Amino acid sequence: MSDGMKRRDFLKVLGVTGAGAGLVGCSTDNVEKLMPYVTAPEDITPGVATWYASACGECPAGCGVWVKTQEGRAIKVEGNPNHPVSGGALCARGHSGLQALYNPDRLESPMRRNGDGHEAISWEEAEEMLASGLRDAGSGTAFLTGRTGPTLSVLMDELVGELGGRRVEYEALSEAPLREASRIAFGRDEIPAFDLESADLILSFGADFLETWLSPVEHNRGFARSTGVQADGSKARFVFLGARLSLTGMNADDWYPVRPGSEGVVALALAGALVDRGGDAGPYASLVQEYDLSAAAEAADVPVSSLETLVDLLDEAESPLILGPGVAGQHRNATAANLAALVLNAVSGAVGTTLHFDRAMTGAASSSYGDLATLISDMEGGAVSALVVRGTNPAFSLPSGSGFREAMENVGFSVALATQMDETAVLADLVLPEGHYLESWGDSNPRPGVWAVQQPVMQPVPHFDSRGTGDILLSLARNLGVETDAETFHDYLRNRWSDRHSEAGQPGGGFEAFWRQVLREGLAQFPADAVGEVELQSPDRALSFDLPEMDGEDDGLNLIVYPSSRLGDGRGANRPWLQELPDPVSKIAWHSWVEVHPDTAAEMGIRKGDIVRLETPHGEVQAPVWTYGGVRRDTVAIAMGSGHENYGRYADGKGVNAMRLLPAVEEAVSGALVHLVTRVQIEPTGRHRRLATIEGSDQTRDRAIVPAVQVDDLRAGDLGDHEPRPRTELRGGGGFIPVPSDAEPESFPHEGSRYGDYDPAENRRWAMAIDLDKCTGCSACITACQSENNVANVGEDQLLMGRDLHWIRMERYVETLDAEEPGPVDIRFLPMICQHCGNAPCEPVCPVYAAYHTPDGLNGQIYNRCVGTRYCANNCPYKVRVFNWFGFSDVPEPLNWQYNPDVTVRAEGVMEKCSFCVQRIRTVENRASTEGRDVRDGEVVPACQQSCPAEAIVFGDARDPESRLSQVSRDGRTYRVMDHLINTQPAVNYLRKVTFHPVTDIHV
Amino acid sequence: MKKQWFLAGAACLAILVSFAFVHARGVDETTVSAGEAESVEMAVALADDPSFDDPIEFPHNVHAGATDDGGYGIDCMYCHSSAERSSSAGIPPVASCMGCHSAVRADGSEEIERLTEFWDAREPIPWNRVYKVADHVQFPHMRHVSAGVDCAMCHGNVEEMGVIEQVQQPLTMGWCLDCHMEMSASRDCTVCHY
């Protein structure tokens, strides 16, 4: 080309050819069309979002949500601030509901078994098949369902009753032992509410209440409110007792690495010690006296002195709260362990203070595996001639030994109602595509008197010919000749609500007005039955509190199979948002890993990433090792939820199904499936893999990234050495200009700085404050950001090359962690986003001015300017800029329906990063301008802040001294990451974590 | 494809609203056309060439033209009502056309016949798009309306046009900025690009 054609000529020719191609493509067929409404819906303005109140269907916690729709599509799910459970926030799984709604693997039509596969059939055929199948089966019909909304349950039970069949409920994550323990201890057959907010001492015997346990969003909020340091320096203390530190455990102040299964003994011994100091254990007084601290210390493998410390803490606490073992800790004596925790609550005065029955978790899952086991044996024995499965996936979530798959093959006629194929549906003779919860009617009743409506927020996604479960059942009822009082499930639901409204004495006037109000608010509060004083009762059955029996060889390691905080029991596995969300504990995405203590691994000669074979008497799986100091040396842990075979393109073949290692054994008392039940042998396979992790290092190496302060120092006003030090200049061969400053965001810009020289009097400076004493690392913000900002996923292979596109990186640093001795644990989380530096190193290196400073203090990134040199990312000290290497935004239809039309969908070859949700800022500015007023403080809420269940994030104008942001930032704990080293003058103020133990003072 | 989903969207909204009440947070969202998110790479020709026929020949000059010139002098906002509330000026629903044309029926007008056919079939009219800014541009109509920018400044003398066309507006960034500088409006990139 050098002599024949110059480069510029070549480009010119290319340009002309390109234009020619453009002209050829120009025909009337390609003219973009503008399609108006035929009749405009009254409440919709084109281009303006419409919000509907509904209820989240991801887990039984029953959060109320608001769903943003635009031109008839749901594009974002947010918490409903009026709802007592969600309080306006949401977790990562709640956000990901959109990816289930628009999942490209959803069923397109009803399917009938044909040989080994399924063939599509019409709804008419399907309904006929369903009705005749169940009519023939009659009393041999069984419904197997997950946790179901109250009104749908009524309809289902009505139908099952008419058929003479039965309904069995099964949820893989069930709190049956807690419910049974509550019945034994207090005579209340329900799950109490745990009021973390009012507690000043929280003891968790393994419950992962910030992740999956009962009501994670609500617990995050309460936990952050009590353990986040207050203005007066008060702060609740959190002690975690368990063999493995979950994310919840990582937020503890102290960790007692007790032997798995010893919770019951420890709780009773603590209660006994409190009784010695004057506590009242009622009918359990003699029982708790049988357990002394030294025996408990022996059983738990911790020093007796540490338990004495705990007794002191409990004795001094004014409002302690004790939480039981949770699903991962359900062993053969799980009910006893839960009962012991409840007794300890009673002795320490928590009942009525922090443990409430008037707010009992009526929606929580407490199904018994025992009931399902009976059903399975009936299925094997031929007593079940028709089976309808809905909302649960036992073929995946049960251990192989349950025999569910074989039993299902043995049922003459099996039906699955599902949104997409799963391991259970694929075994069914008839598969009916049910509507997603955002496109069908339903309701929930998470607390006594609290009723929420699950309202469809859009018409069913047209790619999939689905029908609401309620409507399928009503049609079935008609075909079976069962009388119901409604044609559609919407009417049926309204009728039940009308009844409830009448029973409650018609609050809010006539039903129509009431119903309208409910749809607008998303919920209604009815008076609930008063709960009198709750007291300990004599146990009505004998329980063993001893260490549970474990299967497997004595020299094996204890195996913990815990619910994944991202994938739950596995139902979130076909959503790229959740698969690619780095696990809050391990920072690994997409695949499974086994957590092994580094010393144990070293003894076996295993390194991080080595693939090992895990073998129990019940099964084996192979997975890579992630060495983790947060698990006892005699224990290994692996998450549930991965390893699907038939669940769609994002789930299949990703990771391993840890339930394959467990026996199908129920706990004798409550019938729950036991999780902590077996020991495991680990053998290296000789193979190794790179872990798909976003983690660089878990050590700060004394850099001032996440400094902390001890609570005593904070109270004494001693915040360490924070005199400004001389600045180190980075300039050298160019780059941004370090200028002398006092490094206050509000003093930006500085005289002499070349960039962003705007008049402070006329412009805001948008800034953020993140309280690291509240942040729990739950990572809801990451998924909220993905949803709001059209952040794409890259997949496992690209993640391995470090090409993830998340705008928020939840950094996790390990400061103090010891699995040998009880003592302080200090693990620090830091949500790292673009710092919107006042003196940003990325800006001057951009050759095309795509990275630049806006007058309102944002570090702008203009996608249409960006040519992809990546200089900015190389120059960013915070590593928050991400590059779209391969058109990751191209996703299969209709997953792209979820894209936010307010935000550009970035193309290949473009750099992107956190924009402080500039589209939300501009929206508010536009609104304020059209209304002829100023933007109000607190009016701009970025997606991360909106979603944060811990309420750790505040956003606002740093130049307004009265803004909440300024007020929060005027705190001795405030620091800016690495600012003192490189003078970047970030707009993100972090507030230091507060610890109970002494910490190294790092200059910030 | 585009038509399909838009039809579905329009239909679904109409039905949805009939049974669900809305919790609107007021006029609080800006947006571009609903199709933007999915059609970043879709090659699109715009109907700036009058030879692209609209399904109905809609004479803006008759509707919006001055009454002295034989027009009806209908205000732009009567049909494009969301321009002052939303990013999108909006295309009037067929029902709005029929609001007048169920009574106003020039004898033998084929165009009104066609309009009635669309209405009777309850089908939207697939208008050709004449104005479109690039997908990476956010254009809030309401900001311009509230700042007192006359519609004609960008759209020309529509009230004199028989067939709508782009006149003298290249819709380039330079053209936008000329006006922004003249009016002392913001020249910050992130005002339009995000």
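How each quantity is defined
Residues numbered from 1 in each chain as written. Chains lettered and ligands numbered in written order. Predicted model: local features only at pLDDT ≥ 70, side-chain atom pairs only at ≥ 80, totals over all residues. Helix = DSSP H or I, 4+ residues; strand = E, 2+ residues; numbered from the N terminus. Rg over C-alpha atoms; globule rule 2.2 N^0.38 Å. Contact = placed C-beta atoms within 7 Å. Buried ≥ 20, exposed ≤ 12 C-beta atoms within 10 Å, placed from the backbone. Pairing = 2+ DSSP bridges. Right-handed = clockwise from strand over helix to strand, strands pointing away. Domains from an automatic or database assignment. Axes fitted to C-alpha atoms, helices over the stretch in contact; angles between N-to-C directions. Parallel < 35°, antiparallel > 145°, perpendicular 65-115°, else oblique. Left-handed = near helix turned anticlockwise from the far one by under 90°. Nonpolar A, V, L, I, M, F, W, Y, C, P; charged D, E, K, R; others polar. Core = buried A, V, L, I, M, F, W, Y, C linked by C-beta atoms within 7 Å.

Student: Describe the overall build of chain A, and please don't skip the residues or the numbers.
Tutor: Looking only at helices and strands, chain A has 29 helices and 39 strands in total. Computed over the C-alpha atoms, the radius of gyration of chain A is 29 Å, within 12% of the 30 Å expected from 2.2 N^0.38 for a compact globule of 1004 residues. In terms of overall dimensions, chain A has a C-alpha envelope of 85 × 75 × 70 Å along the principal axes. Here the contacts in chain A between residues at least 6 apart in sequence split such that 73% fall between residues at least 24 apart.

Student: Lay out the overall build of chain B in plain terms, naming residues and giving numbers.
Tutor: Summing up its helical and strand segments, chain B has eight helices and one strand in all. Each helix and strand of chain B, placed in order from N terminus to C terminus, yields the pattern α-α-α-α-α-β-α-α-α. Burial status across chain B gives 31% buried among its 194 residues.

Student: Explain the pairing of strand E11 (residues 237–241) of chain A residue by residue, including any values.
Tutor: Residue and element names in this part refer to chain A. Most of E11 sits out of view: five of its five residues are buried. Looking at chain direction, strand E10 (residues 201–204) and E11 are connected through four bridges and run parallel. Bridged to Ile202 within E11 is Phe238. Between E10 and its parallel partner E11, the chain crosses via helix H7 (residues 216–227), and the hand of that crossover is right-handed. Bridge count between E11 and strand E12 (residues 254–256): three bridges; the pairing is parallel. For Phe240, the partnering residue across the bridge sits in E12 and is Trp255.

Student: For the sheet that holds E12(A), give the residues involved together with the corresponding values.
Tutor: All names here are of chain A. The sheet built from five strands is open, its strands ordered E13-E10-E11-E12-E30 with mixed pairing. Each edge of the sheet is formed by a strand with only one pairing partner; in this case those strands are strand E13 (320–323) and strand E30 (823–824). Sheet topology places E12 next to E30; two bridges connect them, and they run antiparallel. Paired with Trp255 across the strands is Gly823, a residue of E30.

Student: Lay out the domain arrangement of chain A in plain terms, naming residues and giving numbers.
Tutor: In many analyses, interface size is given as the accessible surface area lost on bringing the parts together. If you check the domain split of chain A, you get domain 1 (111–170 + 365–454 + 468–488), domain 2 (176–356), domain 3 (557–688) and domain 4 (722–993). Using only C-alpha atoms to locate each centre, domain 1 of chain A and domain 4 of chain A end up separated by 47 Å.

Student: I'd like to hear about the packing of helix H6 (residues 176–186) of chain A against helix H13 (residues 334–347) of chain A, residue by residue, with values.
Tutor: The description of two helices packed together rests on the angle between their axes and the distance between the axes. Residues and elements named next belong to chain A. Two elements in contact, H6 and H13, have axes whose closest approach is 8 Å; the angle formed by their N-to-C orientations is 55°. Classified by the angle their axes make, H6 and H13 are oblique. Here H6 and H13 pass one another in a crossing that is right-handed. Across the interface between the two elements, Pro177, Leu178, Glu180, Ala181, Ser182, Ile184 and Ala185 of H6 pack against Ala334, Thr335, Asn338, Leu339, Leu342 and Val343 of H13. In terms of residue class, the contact of H6 with H13 is built from nine nonpolar, three polar and one charged.

Student: Describe the sheet that holds strand E18 (residues 442–447) of chain A, with residues and values.
Tutor: All names here are of chain A. Taken together, the three strands give an open sheet; going across it, the order is E18-E19-E20, and neighbouring strands pair in antiparallel fashion. Either end of the sheet is taken by a strand with one partner, and the two such strands are E18 and strand E20 (523–525). Strand-to-strand twist across the sheet, computed as the mean angle between neighbouring axes with direction ignored, equals 20°. Of the pairings in the sheet, the one linking E18 to strand E19 (residues 450–454) comprises four bridges and is antiparallel in character. In the strand pairing of E19, Asp443 is matched with Val453.

Student: A description of the pairing of strand E23 (residues 610–616) of chain A should follow, citing residues and the corresponding values.
Tutor: All names here are of chain A. Of the two faces of E23, the one lined by Asp610, Val612, Leu614 and Thr616 is fully buried and the one lined by Ile611, Arg613 and Glu615 carries no buried residue. Note: E23 against strand E26 (residues 679–688), six bridges, orientation antiparallel. When the bridges of E26 are listed, Asp610 appears paired with His688. Relative to strand E24 (residues 619–627), E23 runs antiparallel, the two being bridged by six bridges. Bridging from a neighbouring strand, Val612 pairs with Ala623 of E24.

Student: Quick rundown of the nonpolar core? Include the residues and the values.
Tutor: Residues and elements named next belong to chain A. Formed by 312 residues in total, the largest nonpolar core has its most connected members in Leu270, Val343, Leu387 and Val561. Here this core takes eleven residues from H13, the largest share from any one element. What Val561 contacts, discounting residues up to four positions off in sequence, is Ala328, Ile638, Met640, Ala658, Met659, Leu661, Leu662 and His675.

Student: Describe the environment of A:Asn410, naming the residues involved and giving the relevant values.
Tutor: Residue and element names in this part refer to chain A. Here Asn410 is to be found in the loop between helix H16 (404–409) and strand E16 (413–418). For Asn410, a count of 16 C-beta atoms within 10 Å puts it in the partly exposed group. Sequence spacing of Asn410 and Arg687 is 277 residues, and the spatial spacing of their C-alpha atoms is 40 Å. Look past the residues within four positions of Asn410 in its chain and what remains in contact with it is Met379, Glu380 and Gly382.

Student: Give me the lowdown on the packing of helix H9 (residues 263–276) of chain A against H13(A), citing residues and values where you can.
Tutor: All names here are of chain A. Where H9 meets H13, the closest approach of the two axes is 8 Å, and the angle between their N-to-C directions is 20°. Taken together, H9 and H13 sit at an angle that is classed as roughly parallel. As for how H9 packs across H13, the hand of that crossing is left-handed. Packed against H9, whose contacting residues are Glu263, Gly264, Ala267, Leu268, Leu270, Ala271, Leu274 and Val275, the element H13 presents Ala336, Ala337, Ala340, Ala341, Val343, Leu344 and Val347 at the interface. Class assignment for the residues of the contact of H9 with H13 results in 13 nonpolar, one polar and one charged.

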